[in-house]
Amino acid sequence: MTLPDKEHRVQAMFSSIAARYDLNNSLLSFGLHHRWKRAAVAAAGLAPGGRLLDLCAGTGDLAFLAAAQLCGMGTVVASDLNDAMLAVGRARARRLGLQRQVHFLRGHAEAIQFADGSFDAVTVAFGIRNVVHPAAAFAEICRVLKPGGRLVCLEFSRPASAWLRRLYDFYSDTLLPWIGTAVAHDRTGVYRYLPASIREFPDQERLARMIEAAGLESVRYTNLSGGIVALHVGVRPPARSTAFMPQPAAVGATA
């Protein structure tokens, strides 16, 4: 899949499975994705009254967990490019009574439609590898974070041990496409695209360096489930005050 085609193809694939996306996530991860997403929300360090942007939000799993963390005293913006996923998310928000706290908006991760310094935290779970230019998305995330605000990136990664890599490769290449296609009745190939996209994505160290290159600091990662998933956290540097910086002497000045 070439880069110009990637965005269109990815959106078409996810539109085809939106109605069964949540069920498939639970089946294919054996329910572990709930634990991974709870860890991501905890890492965001949200306080009541805070503002969080959840990019590539899908149907809103992580956004709803973040809303609970905010105790009804904050705002969560769930942004995604896929209209079908957003429709499912909005329906879930209404059922949960969270439509006034969790706002689903169509948005592009490489051109975030919010002003500089708008959010206390930005999360992106299992979505950054589907972005055409991840480095551009990380730069945008850095821009919309407040100084001291956190990026939390949850993504499939490289299992730490050789035996787990072999087991995971068998599962992702054989069982995942079969189960995913059977449950979602998908014919677009999304469950064959997913393992390929994971293999092509940067591993833990390379992703950490990409996040640092976007301007974030104190970047660290934690392996979850043996490295099948990695949780990266980065911080936007605090604003540096120049109020007390000495001014350079004028050329030719004397003491």
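Above this text you will find the structure in question.
This is a predicted model, so every value here is computed, not measured. (Residues numbered from 1 in each chain as written. Predicted model: local features only at pLDDT ≥ 70, side-chain atom pairs only at ≥ 80, totals over all residues. Heavy atoms only, no water.)

A. Spotlight on the overall build of the protein. Along its length, the protein carries nine helices and seven strands. Relative to a compact globule of 255 residues, whose C-alpha radius of gyration would be 18 Å, the protein shows 20 Å and is just as compact. By residue count, 48% of the 255 residues in the protein fall in the buried class. Put simply, of all contacts in the protein between residues at least 6 apart along the chain, 73% involve residues at least 24 apart. Looking at the protein as shown, the accessible area adds up to about 12700 Å², and 57% of this sits on carbon and sulfur atoms. (Helix = DSSP H or I, 4+ residues; strand = E, 2+ residues; numbered from the N terminus. Rg over C-alpha atoms; globule rule 2.2 N^0.38 Å. Buried < 20%, exposed > 50% of the residue type's maximum accessible area, 1.4 Å probe, protein only. Contact = heavy atoms within 4.5 Å. Areas by Shrake-Rupley, 256 points an atom, 1.4 Å probe, with all protein chains shown as cover.)

B. Examining the packing of aromatic side chains more closely. Counted according to the given criterion, the structure contains seven aromatic pairs. Centre to centre, the rings of W36 and F126 are 6.0 Å apart; their planes meet at 55 degrees, and the pair counts as tilted. Taken together, the positions of W36 in helix α3 (residues 32-44) and F126 in the loop between β4 (119-125) and α6 (134-144) put the pair 90 residues apart, joining distant regions of the chain. You'll find W36 and F126 in the same group, each marked buried. Measuring from centroid to centroid gives 6.5 Å for Y168 and Y171, while their planes differ by 35 degrees, and the two rings are tilted. Here Y171 and Y168 lie together in helix α7 (residues 162-184), a separation of three residues that amounts to about one turn. Here Y168 and Y171 have matching classes, each one buried. Pairwise contacts between aromatic rings join F30, Y168 and Y171 into one cluster. (Phe/Tyr/Trp six-rings, centres within 6.5 Å; stacked < 30°, edge-to-face > 60°.)

C. Region of the structure containing the sheet that holds strand β1 (residues 51-55). Strand order in the open sheet made by the seven strands is β3-β2-β1-β4-β5-β7-β6, with mixed pairing throughout. Sheet topology places β3 (102-106) and β6 (217-224) at the edges, where each strand pairs with a single neighbour. Across the sheet, the mean angle from the axis of one strand to that of its neighbour is 15 degrees, orientation sign disregarded. Across the sheet, helix α5 (residues 83-96) lies against β2 (75-80) and β3, angled at about 165 degrees from β3, the strand it touches most. On the sheet, α6 packs against β1, β4 and β5 (145-156) and is oriented at approximately 145 degrees with respect to β5. (Pairing = 2+ DSSP bridges. Axes fitted to C-alpha atoms, helices over the stretch in contact; angles between N-to-C directions.)

D. The side chain of D80, seen in detail. Inspection of the secondary structure puts D80 in strand β2. It turns out D80 is buried and unbridged, and the closest side chain with the opposite charge, R106, is 7.7 Å from it. Within the structure, the side chain of D80 is placed 2.8 Å from the backbone nitrogen of N82, a separation counted as a polar contact. Excluding residues within four positions of it along the chain, D80 makes contact with C56, A57, G58, L86, L105, R106 and G107. (Lys, Arg positive; Asp, Glu negative; His and termini not counted. Salt bridge = Lys/Arg side-chain N within 4 Å of Asp/Glu carboxyl O. Polar contact = N/O pair within 3.5 Å; in protein donor to acceptor, adjacent residues only side chain to side chain.)

E. Inspection of the side chain of S157 at higher detail. Assignment of secondary structure puts S157 in the loop between β5 and α7. Its relative accessible area of 10% is what places S157 among the buried residues. The residues contacting S157, other than those within four sequence positions of it, are I198, D203, Q204, G227, I228, V229 and A230.

F. View of helix α4 (residues 61-69). The set of residues buried in α4 consists of D61, L62, A63, F64, A66 and A67. Immediately downstream of α4, the backbone of C71 shows phi near 55 degrees, a positive value.

G. Representation of the pattern of salt bridges in the model. The full count for this structure, using the stated rule, is nine salt bridges. In this structure, E155 engages R129 in a salt bridge whose closest nitrogen and oxygen atoms are separated by 2.5 Å. Residue E155 is found in strand β5, and its partner R129 is found in the loop between β4 and α6; the two are separated by 26 residues along the sequence. The exposure classification of E155 matches that of R129, with both residues buried.

Fair warning: the whole summary comes from geometry, so function is off the table for now.
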